Amino acid sequence: MVYITEDLIRKRAEHNEGLIFSLEEISLHQSDIEKIENIDKWCRDLKILYLQSNLIDKIENVSKLKQLEYLNLALNNIQKVENLAKCENLKKLDLTVNFIVE
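Here's what I pulled together on the structure shown here.

Analysis parameters
Residues numbered from 1 in each chain as written. Predicted model: local features only at pLDDT ≥ 70, side-chain atom pairs only at ≥ 80, totals over all residues. Heavy atoms only, no water. Salt bridge = Lys/Arg side-chain N within 4 Å of Asp/Glu carboxyl O. Helix = DSSP H or I, 4+ residues; strand = E, 2+ residues; numbered from the N terminus. Phe/Tyr/Trp six-rings, centres within 6.5 Å; stacked < 30°, edge-to-face > 60°. Pairing = 2+ DSSP bridges. Axes fitted to C-alpha atoms, helices over the stretch in contact; angles between N-to-C directions. Core = buried A, V, L, I, M, F, W, Y, C linked by side-chain atoms within 4.5 Å. Buried < 20%, exposed > 50% of the residue type's maximum accessible area, 1.4 Å probe, protein only. Contact = heavy atoms within 4.5 Å. Disulfide = S-S within 2.5 Å. Lys, Arg positive; Asp, Glu negative; His and termini not counted.

1. A closer look at the pattern of salt bridges
Evaluated as defined, the whole model comprises 3 salt bridges. Linking Asp7 and Lys11 is a salt bridge whose minimum nitrogen-to-oxygen distance equals 3.3 Å. Residue Asp7 and its partner Lys11 are both found in helix 1 (residues 6-12); the two are separated by 4 residues, about one turn of the helix. For the salt bridge of Lys91 with Glu69, the shortest nitrogen-to-oxygen distance reads 3.9 Å. With Lys91 in the loop between strand 3 (70-72) and strand 4 (92-94) and Glu69 in the loop between strand 2 (48-50) and strand 3, this residue pair connects regions lying 22 residues apart in the sequence.

The following block contains the structure:
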(Lines give C-alpha, C1' and ligand atoms only; values in the text may rest on other atoms or scores of the structure.)
Protein backbone atom coordinates (compact mmCIF):
# COMPACT_ATOMS: atom_id res chain seq x y z
CA MET A 1 0.00 0.00 0.00
CA VAL A 2 1.29 3.42 -0.99
CA TYR A 3 0.60 6.21 1.48
CA ILE A 4 0.28 9.90 0.71
CA THR A 5 3.22 11.28 2.65
CA GLU A 6 4.81 14.69 2.90
CA ASP A 7 7.80 13.31 1.00
CA LEU A 8 5.61 12.05 -1.85
CA ILE A 9 3.89 15.42 -2.13
CA ARG A 10 7.25 17.25 -2.09
CA LYS A 11 8.53 15.03 -4.92
CA ARG A 12 5.45 15.80 -6.99
CA ALA A 13 5.73 19.54 -6.18
CA GLU A 14 8.91 20.06 -8.16
CA HIS A 15 7.32 22.87 -10.18
CA ASN A 16 6.73 24.68 -6.88
CA GLU A 17 10.34 24.24 -5.70
CA GLY A 18 9.22 21.60 -3.20
CA LEU A 19 7.08 24.08 -1.30
CA ILE A 20 3.91 22.19 -0.45
CA PHE A 21 1.98 24.60 1.76
CA SER A 22 1.30 26.99 -1.12
CA LEU A 23 0.48 24.33 -3.71
CA GLU A 24 -2.62 24.92 -5.78
CA GLU A 25 -2.28 21.82 -7.96
CA ILE A 26 -0.81 18.36 -7.42
CA SER A 27 -0.75 15.22 -9.50
CA LEU A 28 -0.62 11.95 -7.58
CA HIS A 29 -1.86 9.76 -10.43
CA GLN A 30 -0.67 6.21 -11.14
CA SER A 31 0.87 5.79 -7.70
CA ASP A 32 -1.05 2.75 -6.37
CA ILE A 33 -2.56 4.95 -3.64
CA GLU A 34 -5.39 3.20 -1.81
CA LYS A 35 -6.57 5.96 0.51
CA ILE A 36 -6.92 9.74 0.33
CA GLU A 37 -5.19 11.02 3.45
CA ASN A 38 -2.96 13.77 4.83
CA ILE A 39 -3.32 16.09 1.84
CA ASP A 40 -5.45 18.47 3.91
CA LYS A 41 -2.63 18.79 6.47
CA TRP A 42 -0.09 20.18 4.03
CA CYS A 43 -1.99 21.55 1.03
CA ARG A 44 -4.89 23.61 2.35
CA ASP A 45 -4.95 25.92 -0.70
CA LEU A 46 -5.17 23.11 -3.24
CA LYS A 47 -7.47 23.89 -6.17
CA ILE A 48 -6.71 20.94 -8.46
CA LEU A 49 -6.06 17.38 -7.30
CA TYR A 50 -5.26 14.57 -9.73
CA LEU A 51 -5.66 11.11 -8.23
CA GLN A 52 -6.64 9.15 -11.31
CA SER A 53 -5.42 5.61 -11.97
CA ASN A 54 -4.93 4.58 -8.36
CA LEU A 55 -6.62 2.01 -6.12
CA ILE A 56 -8.83 4.38 -4.11
CA ASP A 57 -12.18 2.90 -3.06
CA LYS A 58 -13.63 5.77 -1.02
CA ILE A 59 -13.84 9.57 -1.28
CA GLU A 60 -12.62 10.78 2.10
CA ASN A 61 -10.49 13.39 3.85
CA VAL A 62 -11.16 16.14 1.32
CA SER A 63 -13.63 18.22 3.35
CA LYS A 64 -10.92 20.61 4.62
CA LEU A 65 -9.80 21.41 1.07
CA LYS A 66 -12.05 24.46 0.91
CA GLN A 67 -10.45 25.84 -2.27
CA LEU A 68 -10.69 22.59 -4.23
CA GLU A 69 -12.24 23.20 -7.65
CA TYR A 70 -11.31 20.06 -9.59
CA LEU A 71 -10.94 16.52 -8.28
CA ASN A 72 -9.96 13.76 -10.69
CA LEU A 73 -10.63 10.27 -9.35
CA ALA A 74 -11.06 8.54 -12.71
CA LEU A 75 -9.93 4.92 -13.00
CA ASN A 76 -10.16 4.00 -9.31
CA ASN A 77 -12.41 1.65 -7.33
CA ILE A 78 -14.92 4.18 -6.01
CA GLN A 79 -18.42 2.81 -5.44
CA LYS A 80 -20.18 5.75 -3.80
CA VAL A 81 -20.11 9.53 -4.22
CA GLU A 82 -19.79 10.84 -0.66
CA ASN A 83 -17.99 13.24 1.68
CA LEU A 84 -17.98 16.16 -0.76
CA ALA A 85 -20.61 18.42 0.86
CA LYS A 86 -18.01 20.71 2.45
CA CYS A 87 -16.09 21.14 -0.80
CA GLU A 88 -18.05 24.28 -1.60
CA ASN A 89 -15.84 25.40 -4.50
CA LEU A 90 -15.79 22.04 -6.28
CA LYS A 91 -16.76 22.66 -9.88
CA LYS A 92 -15.66 19.44 -11.55
CA LEU A 93 -15.47 15.88 -10.31
CA ASP A 94 -14.19 13.18 -12.64
CA LEU A 95 -15.26 9.66 -11.68
CA THR A 96 -14.88 8.11 -15.13
CA VAL A 97 -14.44 4.32 -15.06
CA ASN A 98 -15.27 3.66 -11.42
CA PHE A 99 -17.82 1.31 -9.90
CA ILE A 100 -20.48 3.76 -8.75
CA VAL A 101 -23.68 2.12 -7.51
CA GLU A 102 -26.84 3.93 -6.49
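The structure having been displayed, the exposition proceeds.
2. Structural notes on the packing of aromatic side chains
Using the criterion set out here, one finds 1 aromatic pair in the structure. When the ring of Tyr50 is compared with that of Tyr70, the centres are 5.6 Å apart and the planes differ by 75°; the resulting orientation is edge-to-face. Placement of the pair is Tyr50 in strand 2 and Tyr70 in strand 3, with a sequence separation of 20 residues.

3. Looking at the sheet that holds strand 3
Taking strand neighbours across the sheet as the criterion, the 4 strands line up as 1-2-3-4 in an open arrangement whose pairing is parallel. The sheet terminates laterally at strand 1 (25-27) and strand 4, the two strands that pair on one side only. Ignoring strand direction, the axes of neighbouring strands in this sheet form an average angle of 0°. In this structure, strand 3 lies alongside strand 4, joined through 3 bridges in parallel fashion. Residue pairing for strand 4: Tyr70 is matched across the bridge by Lys92.

4. Things to note about the nonpolar core
Ranked by size, the top nonpolar core spans 27 residues in total, and within it Ile9, Leu28, Ile39, Leu49, Leu51 and Leu73 carry the most contacts. Setting aside residues up to four positions removed in sequence, Leu28 forms contacts with Ile4, Leu8, Arg12, Ile33, Ile39, Leu49, Tyr50, Leu51 and Asn54.

5. Side note on the state of the cysteines
Scanning all chains against the criterion turns up 0 disulfides. The cysteine Cys43 is free of any disulfide, with Cys87 supplying the nearest cysteine sulfur at 14 Å.

6. Structural notes on the side chain of Glu37
Structurally, the position occupied by Glu37 is in the loop between strand 1 and helix 2 (39-42). Within the buried core, Glu37 has no salt-bridge partner, and the shortest N-O distance to an opposite charge, that of Lys35, equals 4.4 Å. Setting aside residues up to four positions removed in sequence, Glu37 forms contacts with Tyr3, Ile4 and Asn61.

7. Structural notes on the environment of Glu25
Relative to the assigned elements, Glu25 resides in strand 1. Note: C-alpha distance between Glu25 and Leu49 (24 residues apart in sequence) is 5.9 Å. Setting aside chain neighbours within four positions, we find Glu25 in contact with His15, Leu46, Ile48 and Tyr50.

By themselves, these are just geometric observations and shouldn't be taken as functional.
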